[in-house]
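What follows is each chain in one-letter form.
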Amino acid sequence: MSEFHVPRRPATASRREFLGRSAAVAGLATIGQLSLARSAHAAGSDVIKIGLIGCGGRGCGAAVNAMNAGKDIRLVAMADLFEAKVNAGRSRLQRSKGDQVAVDDDHLFFGFDGYEKVLASDIDVVLIAATSHFHPRMLEAAVKADKHIFCEKPHSLDSPGIKRVVAACEEAKQKKRCVVSGLMN
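Caption draft 1: Expanded view of the pairing of strand β5 (residues 148–151). Where burial is concerned, the two faces of β5 agree: the one with His148 and Phe150 and the one with Ile149 and Cys151 are both buried. Sheet topology places strand β4 (residues 125–128) next to β5; 4 bridges connect them, and they run parallel. The partner of Val126 across the bridge, within β5, is Ile149. Since β4 and β5 lie parallel, the crossover through helix α6 (residues 135–144) that links them has a hand, and here it is right-handed. Looking at chain direction, β5 and strand β6 (residues 179–181) are connected through 3 bridges and run parallel. Following the sheet pairing, Cys151 is matched in β6 by Ser181. Viewed along the sheet, the connection from β5 through helix α7 (residues 159–174) into β6 turns out right-handed.

Below is the structure:
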């Protein structure tokens, strides 16, 4: 009886590199499943427009990961609870991704209702990376707004929130919208 053995390669990627690569793959999965009708905009443009909710380090990192999926990805709207975070996030992203960051001043939102304004913008995909406490509410709103969604972990901090997230994901599935999760491992 012969035994098949695959030698294990030592892990060479750091946790940060793994998370970055995972987010990029998740972003590609989301973008890859957008229907042609949603990505073929007026005048034949094949640009995919994304909005960012939560402009801290992880949110800006998720935006970079999404824009790394292709030159046809544009960040067009941003929101955070604090105005200074929105402005600092846009500056940091513009230095990193240049013309892919197409967020004008009218699409920089802050305050408790900023996420609603991002969802009302002309976007195809929303990246949710705000304070975890708000994830269930924002995920529900994104599904109702008919957007494809990347939601950072954790999706909720309690059982009632998880139930809201599960229900929102079921609704997204019925609407044929993608919900991609940030991964921990």
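Caption draft 2: Just the sheet that holds β4, in detail. Within the open sheet, the 6 strands sit side by side as β3-β2-β1-β4-β5-β6. Their pairing is parallel. Pairing within the sheet leaves two strands with one partner each, and these edge strands are β3 (108–110) and β6. Strand-to-strand, the axes of this sheet are offset by a mean angle of 20 degrees, without reference to chain direction.

Caption draft 3: Region of the structure containing helix α3 (residues 57–67). Of all 11 residues that make up α3, 8 are buried, and the element is covered over most of its length. Within α3 the residues assigned to the buried category are Gly59, Cys60, Ala62, Ala63, Val64, Asn65, Ala66 and Met67.

Caption draft 4: Spotlight on unusual backbone geometry. Note the cis peptide between Lys153 and Pro154, where omega equals -20 degrees. Here Pro154 is to be found in the loop between β5 and α7. The residue Asp146 is not glycine, and still its phi comes out positive at about 65 degrees. The residue Asp146 is located in the loop between α6 and β5 in this model. Using a relative accessible area of 28% as the deciding quantity, one classes Asp146 as partly exposed.

Caption draft 5: Just the packing of α6 against α7, in detail. Packing of α6 against α7 leaves a shortest axis separation of 9 Å and a crossing angle of 15 degrees. Relative to α7, α6 is oriented roughly parallel. The handedness of the crossing between α6 and α7 comes out as left-handed. On α7, the residues that touch Pro136, Arg137, Leu139, Glu140, Val143 and Lys144 of α6 are Gly161, Arg164, Val165, Ala168, Cys169, Glu171 and Ala172.

Caption draft 6: Focus on the environment of Ile149. Locating Ile149 in the fold gives a position in strand β5. Separated by 99 residues in sequence, Ile149 and Ile50 have C-alpha atoms that sit 9.6 Å apart.

Caption draft 7: Fine view of a nonpolar patch on the surface. Taken together, the side chains of Leu81, Phe82 and Phe112 present a nonpolar region at the surface, about 330 Å² in accessible area. When you line up the elements, Phe112 lands in the loop between β3 and α5 (114–120). Taking the relative accessible area as the measure of exposure, Phe112 reaches 61% and is therefore exposed.

Caption draft 8: Fine view of the pattern of salt bridges. Counting across every chain of the model gives 9 salt bridges. Here Glu171 makes a salt bridge to Lys144, at a shortest N to O gap of 3.9 Å. Highlighted residues: Glu171 in helix α7 and Lys144 in helix α6, separated in sequence by 27 residues. A relative accessible area of 59% places Lys144 in the exposed class.

Caption draft 9: Broad picture of the side chain of Asp80. Structurally, Asp80 can be placed in strand β2 (residues 73–80). Here Asp80 occupies a buried position and makes no salt bridge, while the nearest side chain of opposite charge, Lys85, is found at 4.5 Å. A distance of 2.8 Å separates a polar side-chain atom of Asp80 from the backbone nitrogen of Cys55. Contacts of Asp80, omitting those with residues within four sequence positions, involve Gly54, Cys55, Gly56, Lys85, Val86, Phe109, Phe110 and Gly111.

Each value, and the rule that gives it
- Residues numbered from 1 in each chain as written.
- Predicted model: local features only at pLDDT ≥ 70, side-chain atom pairs only at ≥ 80, totals over all residues.
- Heavy atoms only, no water.
- Buried < 20%, exposed > 50% of the residue type's maximum accessible area, 1.4 Å probe, protein only.
- Helix = DSSP H or I, 4+ residues; strand = E, 2+ residues; numbered from the N terminus.
- Pairing = 2+ DSSP bridges.
- Right-handed = clockwise from strand over helix to strand, strands pointing away.
- Axes fitted to C-alpha atoms, helices over the stretch in contact; angles between N-to-C directions.
- Parallel < 35°, antiparallel > 145°, perpendicular 65-115°, else oblique.
- Left-handed = near helix turned anticlockwise from the far one by under 90°.
- Contact = heavy atoms within 4.5 Å.
- Patch = residues over 30% accessible without salt bridge, like charges linked within 9 Å, V, L, I, M, F, W, Y side chains within 5 Å.
- Areas by Shrake-Rupley, 256 points an atom, 1.4 Å probe, with all protein chains shown as cover.
- Salt bridge = Lys/Arg side-chain N within 4 Å of Asp/Glu carboxyl O.
- Lys, Arg positive; Asp, Glu negative; His and termini not counted.
- Polar contact = N/O pair within 3.5 Å; in protein donor to acceptor, adjacent residues only side chain to side chain.

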